[in-house]
Amino acid sequence: MTTSQQLGQDERAAVDRFDELPPDRRRRLLTIFAIRSLASVVVLVAAYFLLPFTRLLNGKLIAEFAAGVLLVIVVLTVQTLATLRSRYPLLRSVEAMAMTIPLFIVVFSTTHYLINGVEPASYSEPMTRFDALYFTMTTFATVGFGDITPVSLPARLVTLLQMIGGLILVGVVARVLISAARFRQDRR
């Protein structure tokens, strides 16, 4: 390695902290992270509204729900590991949450929608995909207007799991991702 190459690496290592980057580089990084986060949300929501769920109504709802929850856990694990390896871990942790929370919401919205499809009397009123998303968001945000309520045991069970999962996701997982980001930043 030549002296100029080593000097270039030393300069890059010295300016590895986000707050020490030039403003144009910070703006570019924020734009890239924002676009990737927005793109993941758009893809998830588009998939939720466009994919046909008719095949999922064949009686394997519990297995498919478990697969969805497992997918959220896998994505979260991969995102946490990516945060630990990231050059800008705090940005990466925000991006990880911007992907994991919408995935969590889409998994539960899909489950509520499918429960309603299997047994229409499972909720206080019939639900469209938008209604299921709305119900999931009001539950996740702990607003709970009461206009849609779970009535059947499966609907109540999934809603209960969603509430517990939401608390874990916001409380514990956010803390884990931020801790991973800080750990990575402090190791420098």
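Structure: above.
Chemist: Is there a simple way to explain unusual backbone geometry in this structure?
Modeler: Peptide bonds are, in most cases, trans, and in most cases residues other than glycine have a negative phi. Backbone geometry places T142, a non-glycine residue, at a positive phi of 60 degrees. For T142, the location among the structural elements is in the loop between helix 5 (129–140) and helix 6 (153–186).

Chemist: Would you explain the nonpolar core in this entry?
Modeler: Soluble globular proteins tend to bury their nonpolar side chains together. Counting residues in each nonpolar core, the largest one holds 28 residues, and the members touching the most others are Y48, L103, F104, I115, Y123 and M127. When contributions to this core are tallied by element, the ones reaching two or more residues are helix 2 (23–50), helix 3 (61–85), helix 4 (89–118), helix 5 and helix 6. Filtering out sequence-adjacent residues up to four positions away, F104 remains in contact with V72, F140, Q162, G165, G166 and L169. Counting residues in each nonpolar core, the second largest holds five residues, with L21, L29, F33 and L91 among its members.

Chemist: Explain the pattern of salt bridges to me, please; I cannot follow it from the model alone.
Modeler: Close approach of charged atoms allows side chains of opposite charge to pair. Counted by the stated rule, this structure contains three salt bridges. Measuring nitrogen to oxygen at the nearest pair gives 3.6 Å for the salt bridge that ties D24 to R28. One end of the pair is D24 and the other is R28, both in helix 2 and four residues apart, which spans about a single turn. Here D24 falls in the partly exposed class, since its relative accessible area comes to 42%. Since its relative accessible area comes to 43%, R28 is described here as partly exposed. One salt bridge in this structure joins E95 and R36, with 2.8 Å as the shortest N-O distance. On the criterion of sequence distance, the pair formed by E95 in helix 4 and R36 in helix 2 is long-range, its members being 59 residues apart.

Chemist: Explain the environment of R129 to me, please; I cannot follow it from the model alone.
Modeler: Examined against the element boundaries, R129 turns out to sit in helix 5. Along the chain, R129 and H112 lie 17 residues apart, while their C-alpha atoms are 8.8 Å from each other. If near-sequence neighbours (up to four positions away) are discounted, R129 is found in contact with Y48, F49, L50, L51, P52, F53 and Y113. A polar contact is formed between the side chain of R129 and the backbone oxygen of Y48, at a distance of 2.5 Å. A polar contact of 2.8 Å, which involves the side chain of R129, links it to the backbone oxygen of L51.

Chemist: Looking at this structure, I do not really get helix 5. What am I missing?
Modeler: Because an α-helix completes one turn every 3.6 residues, residues spaced three or four positions apart along the sequence face the same direction. The terminal C-alpha atoms of helix 5 lie 16 Å apart, and with twelve residues this matches the ideal 16 Å at 1.5 Å per residue to within 8%. Among all positions in helix 5, only R129, A132, L133, F135, T136, T138, T139 and F140 are buried. With its phi angle positive at about 60 degrees, T142 sits one or two positions after the end of helix 5.

Chemist: Teacher, can you tell me more about the packing of aromatic side chains here?
Modeler: What describes a pair of aromatic rings is the distance from one ring centre to the other and the angle between the planes of the rings. Counting across every chain of the model gives six aromatic pairs. Their ring planes at 75 degrees and their centres at 4.9 Å tell us that Y48 and F49 sit as a pair that is edge-to-face. Judged by relative accessible area, Y48 falls into the buried class, the value being 2%. Here a set of aromatic residues connected by ring pairs shows up, and it is made of F65, F104, F108 and F140. Directly above the aromatic system of F33 lies the positively charged group of R36, at a separation of 4.9 Å from the ring centroid.

Chemist: It is not clear to me how the packing of helix 2 against helix 4 should be interpreted in this structure. Could you clarify?
Modeler: The relative placement of two packed helices is expressed as an angle between their axes plus a distance between the axes. At a minimum axis separation of 10 Å, helix 2 and helix 4 run at an interaxial angle of 10 degrees. What the angle tells us is that helix 2 and helix 4 run roughly parallel. Contacts between helix 2 and helix 4 pair L29, L30, F33, R36, S37, S40, V41, L44 and Y48 from the former with L91, R92, E95, A98, M99, P102, L103, V106, S109, T110 and Y113 from the latter. Its residues placed into classes, the contact of helix 2 with helix 4 shows 13 nonpolar, four polar and three charged.

Chemist: Where do I start with a nonpolar patch on the surface in this structure?
Modeler: On the surface, a nonpolar cluster with roughly 660 Å² of combined accessible area is contributed by L157, L160, L161, M163, I164, I168, V172 and V176. In this structure, V172 sits in helix 6.

Cut-off values and rules
- Residues numbered from 1 in each chain as written.
- Predicted model: local features only at pLDDT ≥ 70, side-chain atom pairs only at ≥ 80, totals over all residues.
- Heavy atoms only, no water.
- Helix = DSSP H or I, 4+ residues; strand = E, 2+ residues; numbered from the N terminus.
- Core = buried A, V, L, I, M, F, W, Y, C linked by side-chain atoms within 4.5 Å.
- Buried < 20%, exposed > 50% of the residue type's maximum accessible area, 1.4 Å probe, protein only.
- Contact = heavy atoms within 4.5 Å.
- Salt bridge = Lys/Arg side-chain N within 4 Å of Asp/Glu carboxyl O.
- Polar contact = N/O pair within 3.5 Å; in protein donor to acceptor, adjacent residues only side chain to side chain.
- Expected span 1.5 Å × (residues − 1).
- Phe/Tyr/Trp six-rings, centres within 6.5 Å; stacked < 30°, edge-to-face > 60°.
- Lys NZ or Arg CZ within 6 Å of the ring centre and 35° of its normal.
- Axes fitted to C-alpha atoms, helices over the stretch in contact; angles between N-to-C directions.
- Parallel < 35°, antiparallel > 145°, perpendicular 65-115°, else oblique.
- Nonpolar A, V, L, I, M, F, W, Y, C, P; charged D, E, K, R; others polar.
- Patch = residues over 30% accessible without salt bridge, like charges linked within 9 Å, V, L, I, M, F, W, Y side chains within 5 Å.
- Areas by Shrake-Rupley, 256 points an atom, 1.4 Å probe, with all protein chains shown as cover.

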